[in-house]
Every structure is written in structure tokens, then in C-alpha cells.
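Reading the structure
Take a look at the letters that make up each chain.
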Amino acid sequence: MPKLILWGRTWMVGTDDFVFPGIRGFVINCAIAVWIPLIFNLGSDDCGQGVKEYLWASFALHCTNAVLCLALAFTSGRGGILQTSKRKMVPTLLITICISTLVVLGVTVWGLLELLRHDACNDHPEDRHWLMGTAIVQVTLVTCTLCVMVLDYNCSNDVLDPAECEGNLDEYNSMWKTRCKRAFCFVKDADENLFEEIAKVMAGIFSGLDFVVSDIAAGMALLHAYQIAVIKKAQKNANLLTDKGKATGHPSISLSHEARPIQKLSDQAEEDLLILHQFSGYFMGAYGWPLHIYANPMSWMGKLCGSCCKGLPSRDVVHDDNCCKCNSAAWMAETKADKENLLYSSWVSKIDRPAFYICVDHDANAVILGIRGTLSPEDCLTDANADVMPFGEDLVEGGLCHKGIGIAARGVRKAVDSEGLLENAFREYPKYRLIILGHSLGAGTAALLSIELKSKYPNLLGLAYSPPGGLMNSVLCEHSRDYILALGLGQDIVPRASINTVRNFRDRMLETFAHSETPKCKILGCCCFSSDTKEKAWFNLEKTEERRSEPYNESTHLISAYLRSIQTICEPTVQLYPPSRYIHIMRVGKQGSTEILHPISMNVEDLMDEGILASTSMVFDHFPHTVMRAINKVVDPNKRYPLNGFGMPSTYVNPLKTSFTPNAVQAE
């Protein structure tokens, strides 16, 4: 960070991304430089003067390239992520290496032409074969280098100077609109207005940030280390954690940094958890065969075949499934339902309507409308359209929701009403209640659709598994509290994500860059090769106290420029929340190899205040089968680990609200 500028344009890498490529180039060039004199006699004219000159030239060029690659690796590894002045020689070294590589290509072509002469190495066929192999290896290496350059090429050259970005909102919107159109060029039904709306959201979050992918990875590692350190300190202050890192009062438990004081679930919350568990198979079934195979890699074949043996629903019921009805078979395997229970299914998403199905559960006396989560490019476009729109105006004044999901909810209702699907179901089962459920995007759609249909079906119940955090405002949260239940697991990013929390996460990441002198290569190397070095990456090479107190330096200059540019672009947004009747499944820690989970009732305002947590589980905790297994573990109160009286809730303060400074995480 910022992106590399070479030959007058930006590239998709930073100046600090060449440590490992430089080391790799050094090793390869050294290997070839050693190989040539070991295999061939450089002083011999057995294969002709031209071949001899080719070998000497190759030897010299690979030695030169090895030195240049080593210099590149050393220079690229200097300084922190924002300290670009220490790496100002990287572009010059890259240009030199490119020229040298092209010279190697020319020399290799010349060598091949010499070898192909009829009289070259006729008396030494083995040497001829070795020479041909060496030349082919050289051409392959040069080709791979050129391919990497093509992959790193930023064809749009679309990074604006943060110092000059004030008033460039239209330029940023245009930039992100172009990016979105390229990314989703294969989606047929996407129109210009949709891309403009998504571009406006993306520009408000990311524009002005000269990031590359490795910057984000390193920033998340640093932020994760900071968050762990602050949370561990708060746990000690709340008397949750002993000096040995074990849970207070439970010496056999290695406490997780996610743990917080536990209060027993109320009777109402326990009942809510039982309901969420009872219907959890239906949100799994909505994903069809892709998730079923992923969640059951060893047994999916038998389960799908077992469903086929029982018979599959008719073509009148199943729409947009494949020829083998694999989605319907997976639905039967996950829900344990008979084919007669499926009343309608549509397995293909549209931009304004996710895939959904309608079935009956005779044991629960319920008609179930299940909505699939994100699984297609069309679903991704719905997720990305994260602006706000009015919703439920005829029910409550001032209701706002996620625009893409609000449109999706109305799209499902339109599809259901146009064919009278629910009316037909309740005509056959008039005493059943309606349950609308889903996971992820499906959870958000189910929650908003529940609000729309509540007046028509008074005993309706909405179940939202891992719902989006930026779903509805506080007005709709309060309005729907009596009939929508929600559940989330661990550090799942989706229930914590809204435009405001993503912006806060972005700002925190920027601050980690300003507070760390750790080279990016060391941060990423620590994450890959050691279990505890994410914390070391924060502590070991932290700025000295004297340098932290300096009023001005290169890092703070860049950060202040970025923050100024962001403030001119980002418009204030309404804070949105997941449904307010929310059960959070928390990782308490581990007892040996056994993971201890515990459900707690959580205020969604506290959840959004805590925001997005950088963690290795922030994505995996969102996977449907992971959520399903967690629910199965905690549903029975008698099987939970006895943690009554664990900590003092009154002493626990959200540690991530503390001021962001390395002093906050120093040992007391």
C-alpha cells in the first residue's frame, strides 16, 4: 500500500509484495547458474562456437538476475506497509529485471537456433538433449514471468490520488460501476440502474483506499492480534481469565477470546432455541445438492440415492431443477421429509427473487416457506445492493431496510401471490401456521417477507439463521420482535456487517497500518508458519514510544490523506440491525479437544457496536452446516457445560470500544 506505480500506471500489487517472488527468482536463477557449468564444459567447442557463447551468456545473465532478485527481495521487505519511501528503489529494480528477462529470452531463442543447426553437437547427442532441455526451461520461466505480469496488470488504472479526491464522487461511482459490470458481465438480467446503486455503495466504503489484496490480509492479521490482546485484558479485568489463560473457576477450560460473562437463558429464549432447532433442517434443504455434497463429502452419494429410492416429487412441483432432480433429492435428505410434503420449489435465483420452496410439516402443523441464501451471482448482486429503502410503510411509520433484500422479499411475495401458492396450501391445511425461514440472504428475505405477510397470516413465525446485520432499522426491529427469531454463531461476519460496521472495520485496519512497522512479508509469514505469531507481529516490531509520540511521520501523513478523502465521499447512513430477538451461540473455549459452545441472548445494538471481528472463523462460522452443528450441540440445556455464575456481567465492558492505541494492550 499504495499500489505499485510502474511505467506511468498502477498495478495490482504493492512495492512490498516482492519479497517471496524475489526469493523464488533468486533460487531459480542460482539453480540454473549452477546447473550450466556443472553439466556443460563452458570451455569446450564441441557443440560449436555459437552454443559456447550462448552458454556463457546464459550463465552471466542468470547470475545477474539472481543478484537483482535478491536485491528486490531485500528492498521490498523494508519498512512497514505505509513506509513506501524505504522501498522507492523497487520500481527501478523491477524495470531492470524485466529488461534482463527479455535479454534472457533473446539469448535463449538465439541458443535454440544454434542448437537446431544440423552440425551442432552431432558427436555429443546427450549434450544436445541437455542443452535443449535447458533452453526449454528458460523459455518456460520467461513465459511464466510474463504471465504473472499480465495477471498483476491493472487494466483500468483506476486509482485516484487521495490528496486530490475531494469532489470526485462521480468519478469514484463511475470507477466502481465499471468494476461491477466487468465482474458480473455474464449476468443477463442486470441493468444499469442496479450497477449504479451498487457502485454508490462500494464507492462510499472503499474509494480513496489504495489497497491491494495482500494489504487487506496483513491488516486483518494485525487487527486480529490487537483485538485478541484487548479482549484478553478485558477478560482478566472482568475476572474471567486466570494468569495461566484458563477460565476462572474452570481450570480445565482454555478460554476463547470470544468468551464473555454468561447469563442463563430465560424460559422464552430456551423455547426460541428449541423452535430454531426444530426447523433448522429446512434452511439446510434450501441450498439443494451443492451444500449437501460439501457438508457430507463421504456420504452424499448414499443419501441422495436413498432419496431417489423413496421417489422424488413430480415435475409439477419441482421447477428449474436439473434432469436428475438433485436439488429435490438433497432437500429430502436434509429435511427428512417425504416427497408429498414438497408443494412447490423453484431452484434458480433471479436478481429480484432468490430461490425458494413451500412445503408442509405435519408434525409441527406448519406450512413452511424456505428461502435459499447466497449461492449464485444474482444473489451476490442482491447482497451488494446495500443502500436503504422504505419498507412496511402501511404497517409502521419510518421503517427502513436493506434495499436489495427488500426487493428480494417483494419478489418472493409476487411469485407466491401470482400462482396462489400459499392460498392453495392453506386451503388444504387451514389449521396450520405459516413459518418463513432462511439462512444468510434467505434469512434477511424471510424476515422482511414475514413483516409484509404478518397482517395476512396473524400466527406467522419468521426464523432467521445468520441474518445480515444491515437488514432493518430499529423501527422494524421493534415492530417484528414478537414474531421473528434470529440466531448467529461465533464471529460470523454477516450478522455483524452493515455499511457502518464495514466502514469502522476499514478505519481500524488503516490505523493498524499506522501503528505498526512490521513488514508485510513478516506478518503474512507469521500467519502461515506459526500458531502464535499473529500476536508477535503486533508486539515484536511495534513502534517505539518515542516514535509514537512524533506529531508527523510518513504513515500518519498517508492515513490522514486517506481519511480526509474518505470523509468527502462517505455519506452518513442509517444504522441497520439484524432482527432484535437474537440468540448468539458463543465459543467459550476448549476442554482438551472438545469445543465448548453456549447460547446467550444478545442485544443486537451491542452486536453492531462490537462490529466485525477479524478472525479465522469470521467466514466459516457463517457456513450453514457449521451453524446447524452448533445448534445441535447447544439445544439441550442438560448437555451444556455447567457454566453458571461464569464471570460478572456488570464488570464486562465491550473492549473494542476502547481507544485504538498500542498502549491499550500493553501488560499491566
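Before reading on, note that the structure itself is shown above.
Here the residue index of a chain counts from 1 through its sequence in written order. Per-residue local features of the predicted model are confined to residues with pLDDT of at least 70, and side-chain atom pairs are confined, for both listing and counting, to 80 or more; whole-chain, interface and lining totals are unaffected and use all residues. Neither water nor hydrogens contribute to the side-chain values; these are computed over all heavy atoms in the structure.

**Some details on the overall build of the protein chain**
For the record, the criterion: Each helix is a run of DSSP H or I of at least 4 residues and each strand a run of E of at least 2, with the numbering of both proceeding from the N terminus. We call a residue buried when its accessible area falls under 20% of the maximum for its residue type, exposed when it is over 50%, and partly exposed in between, using a 1.4 Å probe and counting protein chains only. In what follows, a contact means two residues having at least one pair of non-hydrogen atoms within 4.5 Å.
Across its full length, the protein chain carries 24 helices and 15 strands. Per-residue burial over the protein chain gives 55% buried out of 668 residues. Contacts in the protein chain between residues at least 24 apart in sequence constitute 74% of all its contacts with a sequence separation of at least 6.

**Thoughts on the layout of surface pockets**
Using the following cut-off: Only protein atoms enter the 1 Å grid, on which a cavity is a set of points fitting a 1.4 Å probe that cannot get out and a pocket is an open set with protein on both sides within 12 Å along at least 5 of 7 lines, lining residues being those with an atom within 4 Å of a point. Grid points are joined across faces, edges and corners, and a volume is the space filled by probe spheres set on the points. In this classification, the charged set is Asp, Glu, Lys and Arg, the nonpolar set is Ala, Val, Leu, Ile, Met, Phe, Trp, Tyr, Cys and Pro, and all remaining amino acids, among them Gly, are polar.
Its volume calculated, the second largest pocket comes out at about 740 Å³. Taken together, 30 residues form the lining of the second largest pocket, with P21, R24, I97, T145 and V148 sitting closest to its centre. Secondary-structure elements contributing two or more residues to the lining of the second largest pocket are β1 (3–6), β2 (9–14), α1 (19–39), α2 (49–76), α3 (90–115) and α4 (125–152). At 8 residues, α4 tops the list of elements feeding residues into the lining of the second largest pocket. Across the lining of the second largest pocket, the residue classes break down as 19 nonpolar, 8 polar and 3 charged.

**A look at the nonpolar core**
Heads up, the rule is: Joining through side-chain atoms within 4.5 Å is the link that ties buried Ala, Val, Leu, Ile, Met, Phe, Trp, Tyr and Cys residues into a set, and such a set is a nonpolar core.
Counting residues in hydrophobic clusters, the biggest one holds 48 residues, and the most contacted among them are F356, V367, L422, L434, I436 and L448. With 8 residues, helix α16 (residues 441–453) is the single largest residue contributor to this core. Setting aside its immediate chain neighbours within four residues, L448 contacts F391, C401, I405, G406, A409, L471 and M472. Formed by 40 residues, the second largest nonpolar core is a distinct cluster that contains V318, M332, L342 and I368.

**A few points about the pattern of salt bridges**
Here is the rule: A pairing counts as a salt bridge when a side-chain nitrogen of Lys or Arg comes within 4 Å of a carboxyl oxygen of Asp or Glu.
Applying the stated rule across the entire model yields 19 salt bridges. Measuring nitrogen to oxygen at the nearest pair gives 3.1 Å for the salt bridge that ties K177 to E196. Taken together, the residues span a long stretch of sequence, with K177 in helix α5 (residues 169–183) and E196 in helix α6 (residues 192–206) at a distance of 19 residues. Take K177: its relative accessible area is 18%, and that puts it in the buried class. Across the salt bridge formed by K456 and E423, the nearest N and O atoms sit 2.7 Å from each other. On the criterion of sequence distance, the pair formed by K456 in the loop between α16 and β12 (461–465) and E423 in helix α15 (residues 421–428) is long-range, its members being 33 residues apart. One network of salt bridges, in which partners are shared, links D16, D17, R87, D215 and K520.

**Some words on the pairing of strand β11 (residues 433–439)**
Threshold: Paired strands are those between which DSSP finds at least two bridges.
Of all the 7 residues making up β11, 6 are buried; the element is thus mostly covered by neighbouring parts of the structure. Across 6 bridges, the pairing between strand β8 (residues 366–371) and β11 is parallel. Across the sheet, the residue bridging to G370 is L437, located in β11. Where β11 meets β12, 5 bridges bridge the pair, whose relative direction is parallel. Looking at β12, one finds that H439 is bridged to Y465.

**Quick look at the environment of A614**
Structurally, A614 can be placed in the loop between α23 (604–610) and α24 (624–634). Distance in space between the C-alpha atoms of A614 and M220 is 5.6 Å, their sequence separation being 394 residues. Apart from residues no more than four positions distant in its own chain, A614 is found in contact with M220, L223, H224, Q227, Q491 and F505.

**Overview of empty space enclosed by the protein**
What the rule picks out here adds up to 2 cavities of 30 Å³ or more. H224, Q227, I228, I231, H257, Q491, L613, A614 and S615 together form the lining of the second largest cavity.

**Observations regarding the packing of aromatic side chains**
Any two aromatic rings considered together are summarised by their centre-to-centre distance and by the angle between their planes. Under the convention used in this document: Ring pairs shown here join Phe, Tyr and Trp side chains whose ring centres sit within 6.5 Å, with only the six-membered ring taken for Trp; geometry is labelled stacked below 30 degrees between planes, edge-to-face above 60, and tilted in between. The criterion is that NZ of a Lys, or CZ of an Arg, lies within 6 Å of the ring centre and within 35 degrees of the ring normal, and then a charge sits over that ring.
Applying the stated criterion across every chain yields a total of 9 aromatic pairs. Between the aromatic rings of Y294 and F623, the centroid separation amounts to 5.9 Å while the plane-to-plane angle is 80°, which identifies the pairing as edge-to-face. One end of the pair, Y294, is in helix α10 (residues 288–295); the other, F623, is in the loop between α23 and α24, with 329 residues separating them in the sequence. When its relative accessible area of 48% is taken as the criterion, Y294 is described as partly exposed. Its guanidinium or amino end placed over the ring of W176, R179 lies 4.5 Å from that ring's centre, counting from NZ or CZ.

**Brief notes about the side chain of D321**
Operational definition: Any N or O atom pair separated by 3.5 Å or less is treated as a polar contact, with the protein-specific requirement of one donor-capable and one acceptor-capable atom, and with residues adjacent in sequence counted only for side-chain atom pairs.
With respect to the element layout, D321 can be found in the loop between β5 (318–319) and α12 (326–335). A distance of 3.0 Å separates the side chain of D321 from the side chain of S328, its partner in a polar contact. Setting aside residues no more than four positions away along its own chain, D321 makes contact with C326, N327, S328 and W347.

**Focus: unusual backbone geometry**
A positive phi angle, close to 65°, is found at D320, a residue other than glycine. The residue D320 is located in the loop between β5 and α12 in this model. Of note, N365 is a non-glycine position whose phi angle comes to about 50°, a positive value. In this structure, N365 sits in the loop between β7 (356–361) and β8. For N365, a relative accessible area of 40% puts it in the partly exposed group.

**Re the pairing of β12**
As a general feature of sheets, a regular strand has side chains that alternate between the two faces. Note the threshold: The crossover handedness rule: strands pointing away from the viewer, path from first strand over the helix to second strand clockwise, crossover right-handed.
Burial analysis of β12 places 5 of its 5 residues in the buried class, the great majority of the element. Neither face of β12 is open: one carries L461, L463 and Y465, the other G462 and A464, and all of them are buried. Here β12 runs beside strand β13 (residues 484–489); their pairing, made up of 4 bridges, is parallel. Of the residues in β13, the one forming a bridge with A464 is A486. Handedness of the crossover is the feature at issue here: the chain leaves β12, passes through helix α17 (residues 474–479), returns alongside β13, and the resulting connection is right-handed.

**A closer look at a nonpolar patch on the surface**
As a reminder, the rule being used: Each patch is built from residues lacking any salt bridge and having more than 30% relative accessible area; the joining distance is 9 Å for like charges and 5 Å for nonpolar side chains (Val, Leu, Ile, Met, Phe, Trp, Tyr). Only the protein chains shown count as cover for residues, and the accessible areas themselves come from Shrake-Rupley with a 1.4 Å probe.
There is a patch of nonpolar side chains on the surface, built from V34, W35, L38, I39 and W130 and spanning about 490 Å² of accessible area. Counting residues per element, the nonpolar patch draws most heavily on α1, at 4 residues.

**Side note on the packing of α10 against α24**
Put simply, the rule is: Each axis is a line fitted through C-alpha atoms, taken for helices only over the stretch in contact, and angles between the N-to-C directions span 0 to 180 degrees.
At a closest axis distance of 10 Å, the pairing of α10 and α24 adopts a crossing angle of 65°. In this structure, α10 uses L291, Y294 and A295 to contact α24, whose residues at the interface are P624, H625 and R629.

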